[in-house]
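Each chain is listed here by its residues.
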Amino acid sequence: MEGNEKMAIGQQIPSSSVQVSDHPLILPDLPFQVITEILARLPVKSLMRFKCVSKSWLSLTLSPHFIKRHLSFSTSKDREYLLFIDYNSGRFKHCSLASLLYEQPSDAVEIVCPQLECRDQSILLVGCCNGLICICTNREGFVLWNPSTRKSKTLPNFSFEKTSEHKFYASCGFGYDETNDDYKVVAVTCYCAEDWEPFASEVKVYGTKTDTWRRIGDFPGGYPMDGSRYCGTFAAGKVHWVLNRAFCPYVVFLDLATETYGSLDLAGDAIKSNHDSFVTDIQTVGGSLYFFCRNYVHGLVDLWVLKEYEVIESWTKVVSALSNDKRYFLSVLYQLENGKLLVVLESDVRVLNPKNNKSRRLLRSVYTRSASIYVESLVSPGSVDATTMMSGLQLRTLKASTSRTQD
């Protein structure tokens with residue numbers, strides 16, 4: 001346009017007046033700590049693609065400091081997933097927690113663990129910690145798997161001393177040793193007499209840092225319940241098991257940092273008042289311990305929560321659930337903001353309202369009794385030290401950036 005000629009509102013600009021630059025758009029050269037903070041907020045799927053950008057970005061995504069920084073942003077529902085074993089197909093399936101809770105009924109997608117290709121083997125979902133899944137099978141033994149990165153690792157074989165001489169059953173647990181920055185698997189073998197009464201135990205611990213099994217002290221004063229159904233649960237840096245001694249259930253824990261044992265009392269008075277009840281297992285939800293007190297005669301399950309760890313007076317009954325089926329099964333997976341619980345109820349994934357004991361199915365055509373919630377993460381199943389791959393300047397910058405942001 002020439003002179004002071006003005007465009008009318010809504011008038012289209014002639015294409016001849018539009019100029020397109022032949023020069024490519026040049027992005028600013030951002031400081032390394034800014035790039036780090038941007039990447040730490042991205043989903044794992046994007047970071048897997050961005051590894052190809054440069055060697056420094058590849059090294060960054062493998063750095064333990066960056067992995068922890070990224071994990072700190074993975075606590076929202078859109079970064080959390082439900083993982084379960086669908087016994088109809090014998091496969092693992094997963095779905096986003098956000099889609100599960102707010103888009104119903106929902107479908108889950110099959111996900112394959114590279115180390116587990118067979119459907120006909122017995123699979124036990126031992127536990128989940130920081131996006132890392134521990135699985136126990138009859139064929140492979142123990143497998144660590146990160147569903148977000150699709151990486152997995154079969155742990156070294158281990159053997160116990162007396163398994164050929166006596167009857168035995170096994171239990172296990174999995175958790176994170178924050179003091180030593182190590183993920184540990186605990187394997188327990190309980191040796192039994194002819195009547196299956198346990199009389200001795202043997203405990204071994206595997207650490208990802210050493211990639212070896214070590215024997216530690218045996219269980220004190222009792223034996224965990226049959227591990228073919230239940231595993232120890234991880235909370236507050238410890239793995240917890242329910243033990244029954246003289247019909248008085250209590251909890252024994254193994255501190256993963258010190259590898260020493262301790263005990264934790266349950267809501268004893270409430271249990272003793274009902275002689276038909278039996279404590280079967282203990283679970284962790286959102287960092288809090290839950291235990292189940294089942295009455296098989298009346299088909300009743302009481303669910304209790306420890307609101308303040310190691311404060312026995314804080315044990316509180318959450319709900320008493322009824323079922324017409326004596327094979328009733330309950331597993332708590334997640335606690336919603338409104339107090340409702342995401343549970344596995346009679347092999348269905350449901351939302352349970354403790355106030356009225358009503359539940360609503362979320363997944364279609366699913367039969368499962370083994371499920372867990374995991375978060376997106378870059379945590380490796382094996383011991384990976386990428387700090388040597390980064391330049392000294394980049395590593396110092398990353399550490400300084402992380403400490404300043406956390407402060």
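Per chain, residue numbering runs from 1 following the sequence as it is written. Given that the model is predicted, a residue must reach a pLDDT of at least 70 before its local features are reported, and side-chain atom pairs must reach 80 or more before they are shown or counted; all residues, however, enter totals for whole chains, interfaces and linings. Side-chain figures throughout are based on the complete set of non-hydrogen atoms in the structure, without hydrogens or water.

What follows concerns the pattern of salt bridges. Any Lys or Arg side-chain nitrogen located within 4 Å of an Asp or Glu carboxyl oxygen qualifies as a salt bridge. Considering all chains together, one arrives at 14 salt bridges under this definition. The closest approach of N and O atoms between Glu202 and Arg215, which form a salt bridge, is 3.6 Å. A residue pair is termed long-range when its members are at least 10 positions apart, and Glu202 in strand S10 (residues 198-207) and Arg215 in strand S11 (residues 212-216) qualify at 13 residues. Here Arg361 and Asp348 are joined by a salt bridge, their closest N and O atoms 3.0 Å apart. In this pair, Arg361 is assigned in strand S23 (residues 358-361) and Asp348 in strand S22 (residues 348-353), connecting sequence segments 13 residues apart. With a 1.4 Å probe rolled over the protein chains alone, any residue whose accessible area is under 20% of its type maximum counts as buried; one over 50% counts as exposed, and the rest are partly exposed. Asp348 gets classed as buried once you look at its relative accessible area, which sits at 11%. Ionic contacts of the salt-bridge type, sharing partners, join the residues Asp177, Lys184, Arg214 and Glu259 into one network. Segments assigned H or I by DSSP are reported as helices when at least four residues long, segments assigned E as strands when at least two residues long, and all are numbered from the N terminus.

The pairing test for Phe, Tyr and Trp rings, Trp by its six-membered ring, is centres within 6.5 Å, and the orientation test on the planes gives stacked under 30 degrees, edge-to-face over 60, and tilted for anything in between. Taken as a whole and assessed by the stated rule, the structure comprises 11 aromatic pairs. When the centroid spacing of 6.2 Å and the interplanar angle of 65° are considered together, the rings of Phe50 and Trp57 count as edge-to-face. Taking relative accessible area as the criterion, Phe50 reaches 28% and is therefore assigned partly exposed. Taking 5.2 Å as the distance between ring centres and 55° as the angle between the ring planes, the aromatic pair formed by Phe92 and Trp145 counts as tilted. On the criterion of sequence distance, the pair formed by Phe92 in strand S2 (residues 91-96) and Trp145 in strand S6 (residues 141-146) is long-range, its members being 53 residues apart. Side by side, Phe92 and Trp145 carry an identical accessibility label, which is buried. Joined through ring pairs, the aromatic side chains of Phe142, Tyr206 and Trp213 make up one cluster. Here, over-ring charges are defined by two tests on the NZ atom of lysine or the CZ atom of arginine: distance to the ring centre within 6 Å, and angle to the ring normal within 35 degrees. When the ring centre of Phe253 is taken as origin, the NZ or CZ atom of Lys238, which lies over that ring, is 5.5 Å away.

It is worth spelling out the pairing of strand S24 (residues 371-375) at this point. For S24, a buried count of 5 out of 5 residues is recorded, marking the element as mostly surrounded by other parts of the structure. Residues Ala371, Ile373 and Val375 of S24 are buried on one face, and the alternating residues Ser372 and Tyr374, pointing to the opposite face, are buried as well.

Counting 31 residues, the largest nonpolar core has Phe142, Leu144, Phe174 and Val185 as its most contacted members. Not counting residues within four places of it along the chain, the set of residues in contact with Phe142 comprises Val126, Cys134, Ile135, Cys136, Lys153, Thr154, Leu155, Phe158, Cys172, Val185, Ala187 and Trp213. Buried residues of nine kinds, namely Ala, Val, Leu, Ile, Met, Phe, Trp, Tyr and Cys, make up a nonpolar core once their side-chain atoms join them within 4.5 Å. Leu82, Phe84, Val344 and Val366 belong to the second largest nonpolar core, which has 18 residues in total. Every residue pair with non-hydrogen atoms within 4.5 Å of one another is taken to be in contact.

Values of pLDDT, which run from 0 to 100, indicate the predictor's confidence residue by residue. Confidence in the prediction of the chain, expressed as mean pLDDT, is 77, and 73% of residues score 70 or more. The model gives residues 1-13 a pLDDT under 50, and that stretch makes 4 contacts with residues more than four places away or in other chains. Scored below 50 in pLDDT, residues 401-407 makes 7 contacts in the model with residues more than four places away or belonging to other chains.

Moving on, we come to the pairing of strand S9 (residues 182-192). Regular strands place their side chains on alternate faces of the sheet. Of all 11 residues in S9, 11 are buried; the element is thus mostly enclosed. Covered by surrounding structure in S9 are Asp182, Lys184, Val186, Val188, Cys190 and Cys192 together with Tyr183, Val185, Ala187, Thr189 and Tyr191, the residues of both alternating faces. When strand S8 (residues 167-177) meets S9, the two strands line up antiparallel, connected through 11 bridges. Residue pairing for S9: Gly173 is matched across the bridge by Val186. Hairpin connection from S8 to S9: 4 residues lie between these consecutive antiparallel strands, with Asp181 at a positive phi of about 50°. One ladder, built from 9 bridges, connects S9 with S10; its direction is antiparallel. When the sheet's bridge partners are listed, Cys192 is paired in S10 with Pro198. Only strands that DSSP links by at least two bridges are regarded as paired with each other.

For Asn130, which is not a glycine, the phi torsion comes out positive at approximately 55°. Relative accessible area serves as the criterion here: at 24%, Asn130 is assigned to the partly exposed category. The phi dihedral of Glu310 is positive, around 70°, even though this residue is not glycine.

The next subject is the environment of Thr284. In this fold, Thr284 is placed in strand S16 (residues 277-285). Assessed through its relative accessible area of 23%, Thr284 is described here as partly exposed. Between the C-alpha atoms of Thr284 and Gly232, which are 52 residues apart in sequence, the distance is 9.6 Å. Discounting residues that sit within four places of it in the chain, Thr284 has contacts with Thr233, Phe234, Ala235 and Leu289. N or O atoms within 3.5 Å of each other form a polar contact, as long as, within protein, one can give a hydrogen and the other can take it, and as long as residues adjacent in sequence are counted only when both atoms are side-chain atoms. Among the polar contacts listed, one links the side chain of Thr284 to the side chain of Thr233, at a separation of 2.7 Å. Polar contacts involving the side chain of Thr284 include one to the main-chain carbonyl oxygen of Phe234, which spans 2.9 Å.

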